[in-house]
Amino acid sequence: MNRSLIAILMALATLSPLWAQDEKLDDLSFEEAPLKDEAIPYFAVGVGPAFNFVFNSMTDVNARAKELGIGELQTPVFQLGAEIFTAVGVIPNVRLGFSWVSGSTSSSADVTVNSIAVKRTLLYGISSRTFHLDWAWVPVKSLAILPGLGFGWGDQRIETYQTSSGMDWKDLIDSSTIAPQPNAYSTLQQNTLYLLPRLNIEYAVTPFLNLRASAAYTWQFTGSDWTGNRQATVTNVPENISVSGLNLQFGVFVGLFN
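Residues numbered from 1 in each chain as written. Predicted model: local features only at pLDDT ≥ 70, side-chain atom pairs only at ≥ 80, totals over all residues. Heavy atoms only, no water.

Student: An account of the environment of A204 is requested, with residue identities and associated values reported.
Tutor: In this structure, A204 sits in strand β7 (residues 184-206). Sequence separation between A204 and F253 is 49 residues; the distance between their C-alpha atoms is 9.3 Å. If sequence neighbours within four positions are ignored, A204 has contacts with S142, L209, N210 and F257. (Helix = DSSP H or I, 4+ residues; strand = E, 2+ residues; numbered from the N terminus. Contact = heavy atoms within 4.5 Å.)

Shown next, in the form of structure tokens:
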């Protein structure tokens, strides 16, 4: 009798945890928990050509062209150069870069000077070198939107020159004059400092190739005195002649991109 009672108690002790586990199994859910969306980290190291178009005011330059009997200079000023950039590892999604671009626009006309036919040209050029600080947002894979700010320096120049269809070697080395009429040349130049806020939209076609479209605005906040032929100080140059203006840029870069 005692042995039978002990056996029954041991069986109940063994089966009771199993019943409890069966009840808990009914409460378990095997539905998949939703995955959390994680921001895509940005990384890029690249270098490549940049094609830049500057839409600055040419009103006063074209007024000068009209005085010289030359047609208007067309805008935008096309600049060609390159940019190099790299992500900053210690600050997420921040990128540093440096670019250098230059270009010009010009207009020419045939005029008569002292009964001699000459070709007269007016050229306006801009050279720019800029440090860039950009912040990257990656909404989807391979696409990056980067607002940023640049600080740059460079120069703008206005060249005026004319020449006859033929020249003599002796005229070029005549000690009495360097540029005898009707052949003449002059250049005006001003050094500039500017800020460049911009917005880049970039797409990594492959992990090694990146395409860019960019809009920016150059704000020239100061400039040196104008110099003529690298020596003379030139006065009364219109203040509205500056590098300030809208910029549109396209670029193709090679490197490593996520």
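Student: Describe the nonpolar core, naming the residues involved and giving the relevant values.
Tutor: The nonpolar side chains of a soluble globular protein tend to be buried with one another. Judged by nonpolar contacts, the single largest core of 17 residues is most densely connected at V61, L73, L122, Y124, I158 and I241. Every element with two or more residues in this core is listed here: α2 (59-67) and β4 (116-135). Looking at which element gives the most residues to this core, the answer is β4, with 3 residues. If you look at the next biggest cluster of nonpolar residues, it comprises 11 residues, including Y42, A44, V138 and L146. (Core = buried A, V, L, I, M, F, W, Y, C linked by side-chain atoms within 4.5 Å. Buried < 20%, exposed > 50% of the residue type's maximum accessible area, 1.4 Å probe, protein only.)

Student: Describe in detail a nonpolar patch on the surface, supporting the description with residues and values.
Tutor: Where nonpolar side chains cluster on the molecular surface, the patch consists of F55, F131, F151, W153, L193, Y217, W219, F221, L246 and L248 and spans about 920 Å² of accessible area. Every element with two or more residues in the nonpolar patch is listed here: β6 (143-164), β8 (209-223) and β11 (245-257). Element by element, the count of residues in the nonpolar patch is highest for β8, at 3 residues. On the secondary structure map, F131 appears in strand β4. (Patch = residues over 30% accessible without salt bridge, like charges linked within 9 Å, V, L, I, M, F, W, Y side chains within 5 Å. Areas by Shrake-Rupley, 256 points an atom, 1.4 Å probe, with all protein chains shown as cover. Salt bridge = Lys/Arg side-chain N within 4 Å of Asp/Glu carboxyl O.)

Student: Can you explain the packing of aromatic side chains? Please cite residues and give values.
Tutor: Counting across every chain of the model gives 11 aromatic pairs. Seen from their ring centres, F85 and F253 are 5.2 Å apart, and the 70 degrees between their planes marks the pair as edge-to-face. Residue F85 is located in strand β2 (residues 77-88), and its partner F253 is located in strand β11; the two are separated by 168 residues in the primary sequence. Taking relative accessible area as the criterion, F85 reaches 2% and is therefore assigned buried. Judged by relative accessible area, F253 falls into the buried class, the value being 0%. Every member of this aromatic cluster is reached through a ring pair, and the members are F98, W100, F131 and W153. The lysine or arginine in question, R95, covers the ring of F85, its NZ or CZ lying 4.0 Å from the ring centre. (Phe/Tyr/Trp six-rings, centres within 6.5 Å; stacked < 30°, edge-to-face > 60°. Lys NZ or Arg CZ within 6 Å of the ring centre and 35° of its normal.)

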